[in-house]
Amino acid sequence: LRSVDYLLYRGGEDPNHGVRYTPVSLVNLATRLECPVTPQALQSEVYGVAGIGQPGQFFDSLKEQGFVVEEHVFVDHHVFRAEDFTRLSAKPIIMTEKDAVKCADFCGDNAWYLKINALIPQPLLQSVAALAQNAGE
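Now for a description of the structure that goes with this document. Given the structure is predicted, the values throughout are model-derived calculations rather than measurements. (Residues numbered from 1 in each chain as written. Predicted model: local features only at pLDDT ≥ 70, side-chain atom pairs only at ≥ 80, totals over all residues. Heavy atoms only, no water.)

## Digging into the pairing of strand β2 (residues 18–28)
This is how the line gets drawn: Here, a strand pair is defined by DSSP locating no fewer than two bridges between the strands. Secondary structure elements follow DSSP: runs of H or I no shorter than four residues count as helices, runs of E no shorter than two count as strands, and numbering proceeds from the N terminus.
Both strand β1 (residues 9–10) and β2 contribute to a ladder of two bridges, which runs parallel. Residue Arg10 lies in a different strand from β2, and its bridge partner there is Val19. Strand direction decides the pairing type here: β2 and strand β7 (residues 111–119), joined by eight bridges, are antiparallel. Bridge assignment links Tyr21 to a residue of β7, and that residue is Ala118. Taking the residues between adjacent antiparallel strands as the criterion, β2 and strand β3 (residues 34–35) are bridged by five residues, where Arg32 takes a positive phi near 70 degrees.

## Remarks on the environment of Pro55
Convention followed: With a 1.4 Å probe rolled over the protein chains alone, any residue whose accessible area is under 20% of its type maximum counts as buried; one over 50% counts as exposed, and the rest are partly exposed. Note on contacts: a residue pair qualifies if any of its non-hydrogen atoms lie within 4.5 Å across the two residues.
Within the element layout of this structure, Pro55 appears in helix α1 (residues 55–64). Relative accessible area serves as the criterion here: at 16%, Pro55 is assigned to the buried category. Discounting chain neighbours no more than four positions away, the residues touching Pro55 are Ala50 and Val73.

## Regarding the environment of Gly56
Counting through the fold element by element, Gly56 comes out in helix α1. Each C-alpha atom, one on Gly56 and one on Glu71, is 8.9 Å from the other, the two residues being 15 residues apart in sequence.

## A short note on a nonpolar patch on the surface
Keep this limit in mind: The patches reported here contain residues having more than 30% relative accessible area and no salt bridge. Joining distances are 9 Å for like charges and 5 Å for nonpolar side chains (Val, Leu, Ile, Met, Phe, Trp, Tyr). For every accessible area listed, the method is Shrake-Rupley and the probe measures 1.4 Å; residues are considered covered only by the protein chains on display. Salt bridges are defined as contacts in which a side-chain nitrogen from Lys or Arg sits within 4 Å of a carboxyl oxygen from Asp or Glu.
Residues Leu1, Val4, Leu7 and Tyr9 make up a contiguous nonpolar surface patch of roughly 420 Å² in combined accessible area. Mapped onto the secondary structure, Leu1 falls in the segment before β1. Here Leu1 falls in the exposed class, since its relative accessible area comes to 78%.

## As for the state of the cysteines
Note the following rule: Disulfides are defined as cysteine sulfur pairs within 2.5 Å.
Inspection of every chain in the model, using the stated rule, returns zero disulfides. Free cysteine Cys35: the closest other cysteine sulfur is in Cys107, separated by 16 Å. Note on Cys35: relative accessible area 13%, which makes it buried. Here Cys107 is not cross-linked by a disulfide; its sulfur's nearest cysteine counterpart is in Cys103, at 4.6 Å.

## With respect to the pairing of strand β4 (residues 45–50)
Two faces make up the sheet, and in a regular strand the side chains alternate between them. For clarity, the cut-off: Whether a crossover is right-handed comes down to one check: with the strands pointing away from the viewer, does the path from the first strand over the helix to the second run clockwise; if it does, it is right-handed.
Most of β4 is tucked away: five of the six residues are buried. Here β4 runs beside strand β5 (residues 68–73); their pairing, made up of six bridges, is parallel. Counted as the bridge partner of Tyr47 is Glu70 from β5. Read from β4 through α1 to β5, the crossover connection turns out right-handed.

Here it is as structure tokens:
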């Protein structure tokens, strides 16, 4: 760690090191339709699907938006198959964008991913911009 320029913390509030994620929209895997991240846009009860390292944070973000989430946790880097979704048809499915890439070919039109923005600390952005400027000179 002594050789790195920046250390970032997911979910941190520190203006120099904290990276926060903000929900942007829900995107349908089949149609690419985008809608607001609200229960009114889909329905309040959903299946949450996550094959990531800390799925609780993903599920918490859905709950913060007002969804009632039935959690379906898979191991990080899970290789999804259509069979993983056979019993998930009564409610909309919301997953991470990372997982959606792996599921787009076999999930039906009730599957959505949560599109997010990462808020990167300003000092890091300024540092990267300076590096890019110096590389161009």
